[in-house]
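Structural overview for review
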Amino acid sequence: MSLSQDKPTRILFVCLGNICRSPTAEAVFRHKAGQAGWHNLLQADSAGTAAWHVGKVPDARSQQHGRERGYDLSSLRARQVTTADFSDFDHILAMDADNLAELEKLRQQAAAAGQGRTARLGLLLDEHPDTAGRDVPDPYYGGPAGFDEVIDLIETATDALLRRLLKARGVFGCGC
Ligand code: 4NP
């Protein structure tokens, strides 16, 4: 069986509302994985720890800023993270420390309920030394510059994430 037919590595990006940061991370990562030719091997999704915006399209400002930088968020719809995500995904990456703490609680609930394999849990920005230890700031109540900063941080971290995951799957020299 060729590498591209192997079981994909699945990555879930998580923020609070799933309408600004995590759908941006999903779109940016998918775009990069597609450009590298590995969209079948690396599959991305996103979710929010809160249920406020379930079923909604991403925030119009995230869609606009994403579109201006070459990322299409229009087909995405918000959903809330579930305990099942800990067995469905290989990596769950939070946009900030508050959401990471919520995910940690949910992981304990998943474990207490005897739900299987547990995803690796971490902060997206820890993937790259230039952004490590930082949160992706919540842009929801701020101005336009915040949406561009979100994309800048996510691009840096997802570049590193993509390289690391491809290397872990035995893909070297991906040109990414
Ligand atoms: P996100 O941003 O977590 O990046 O999707 C937010 C979206 C909505 C709200 C807060 C943050 N809200 O308060 O509704």
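Below you will find a few notes about this structure. Computed from a prediction, not measured in an experiment: that's the story for all the values here. (Residues numbered from 1 in each chain as written. Predicted model: local features only at pLDDT ≥ 70, side-chain atom pairs only at ≥ 80, totals over all residues. Heavy atoms only, no water.)

**Examining unusual backbone geometry**
- Residues other than glycine seldom take positive phi values, yet Asn18 does so here, at roughly 60°.
- Here Asn18 shows up in the loop between strand E1 (9–15) and helix H1 (21–36). (Helix = DSSP H or I, 4+ residues; strand = E, 2+ residues; numbered from the N terminus.)

**Regarding the pairing of strand E2 (residues 42–48)**
- With six of seven residues buried, E2 is to be regarded as a mostly interior element.
- The sheet contact formed by E1 and E2 spans seven bridges and is parallel. Each bridged residue has a counterpart across the sheet, and for Arg10 the counterpart in E2 is Gln43.
- Taken together, E1, H1 and E2 constitute a β-α-β crossover, and its handedness is right-handed. (Buried < 20%, exposed > 50% of the residue type's maximum accessible area, 1.4 Å probe, protein only. Pairing = 2+ DSSP bridges. Right-handed = clockwise from strand over helix to strand, strands pointing away.)

**Here's the deal with the layout of surface pockets**
- Estimates place the volume of the largest pocket at around 180 Å³.
- Every residue lining the largest pocket is listed: Cys15, Leu16, Gly17, Asn18, Ile19, Cys20, Arg21, Trp52, His53, Asp138, Tyr140 and Tyr141.
- For the lining of the largest pocket, the class distribution of residues is seven nonpolar, three polar and two charged. (1 Å grid on protein atoms, 1.4 Å probe; cavity = no way out; pocket = protein on both sides within 12 Å on 5 of 7 lines; lining within 4 Å. Points joined across faces, edges and corners; volume = space filled by probe spheres on them. Nonpolar A, V, L, I, M, F, W, Y, C, P; charged D, E, K, R; others polar.)

**As for the packing of helix H2 (residues 60–68) against helix H5 (residues 144–168)**
- Orientation of H2 relative to H5, taken along the N-to-C sense of each, is 60°, at an axis distance of 10 Å. Here H5 runs oblique to H2, going by the angle between their axes. Like other packed secondary-structure pairs, H2 and H5 cross with a definite hand, here right-handed. Residues Arg61, Ser62, His65 and Gly66 of H2 form the contact with H5, whose own contacting residues are Pro144, Phe147, Asp148 and Ile151.
- Here the residues of the contact of H2 with H5 are counted per class, giving three nonpolar, three polar and two charged. (Axes fitted to C-alpha atoms, helices over the stretch in contact; angles between N-to-C directions. Parallel < 35°, antiparallel > 145°, perpendicular 65-115°, else oblique. Left-handed = near helix turned anticlockwise from the far one by under 90°. Contact = heavy atoms within 4.5 Å.)

**Quick word on the site of the ligand**
- In the vicinity of the ligand, the residues found are Cys15, Leu16, Gly17, Asn18, Ile19, Cys20, Arg21, Trp52, His53, Asp138, Tyr140 and Tyr141.
- Here an oxygen atom of the ligand and a side-chain polar atom of Asp138 are 3.4 Å apart.
- When the ligand is considered free in solution it has 360 Å² of accessible area, and contact with the protein chains removes 93% of it.
- According to the grid-proximity analysis, the pocket containing the ligand is the largest pocket. (Near = heavy atom within 4 Å. Polar contact = N/O pair within 3.5 Å; in protein donor to acceptor, adjacent residues only side chain to side chain. Areas by Shrake-Rupley, 256 points an atom, 1.4 Å probe, with all protein chains shown as cover. Sits in = over half its atoms within 2 Å of the grid points.)

**Focus: the environment of Val150**
- When you line up the elements, Val150 lands in helix H5.
- Between the C-alpha atom of Val150 and that of Met95, which follows or precedes it by 55 residues, the distance is 9.8 Å.
- Setting aside chain neighbours within four positions, we find Val150 in contact with Arg21, Thr24, Val136, Pro137 and Pro139.

**What about the sheet that holds E1?**
- The sheet built from four strands is open, its strands ordered E2-E1-E3-E4 with parallel pairing. Every interior strand has two partners, whereas the edge strands, E2 and strand E4 (120–123), have only one. The mean angle between the axes of side-by-side strands here comes to 25°, regardless of whether they run parallel or antiparallel.
- Its contacts with the sheet place H1 against E1 and E2, and it is angled at close to 175° to E2.
- Here helix H4 (residues 97–112) sits on the sheet and contacts E1, strand E3 (91–94) and E4; the angle it forms with E4, its principal contact strand, is near 165°.

**Structural notes on H1**
- Taking 1.5 Å of rise per residue, 16 residues should cover 22 Å, and H1 covers 23 Å from first to last C-alpha, within 8% of that figure.
- Burial runs high along H1: 12 of the 16 residues are buried.
- Within the span of H1, buried status applies to Arg21, Ser22, Pro23, Thr24, Ala25, Glu26, Ala27, Val28, Phe29, Lys32, Ala33 and Ala36.
- Contact partners of the buried residues in H1: E1, E2, H2, H4 and H5. (Expected span 1.5 Å × (residues − 1).)

By themselves these figures say nothing about function.
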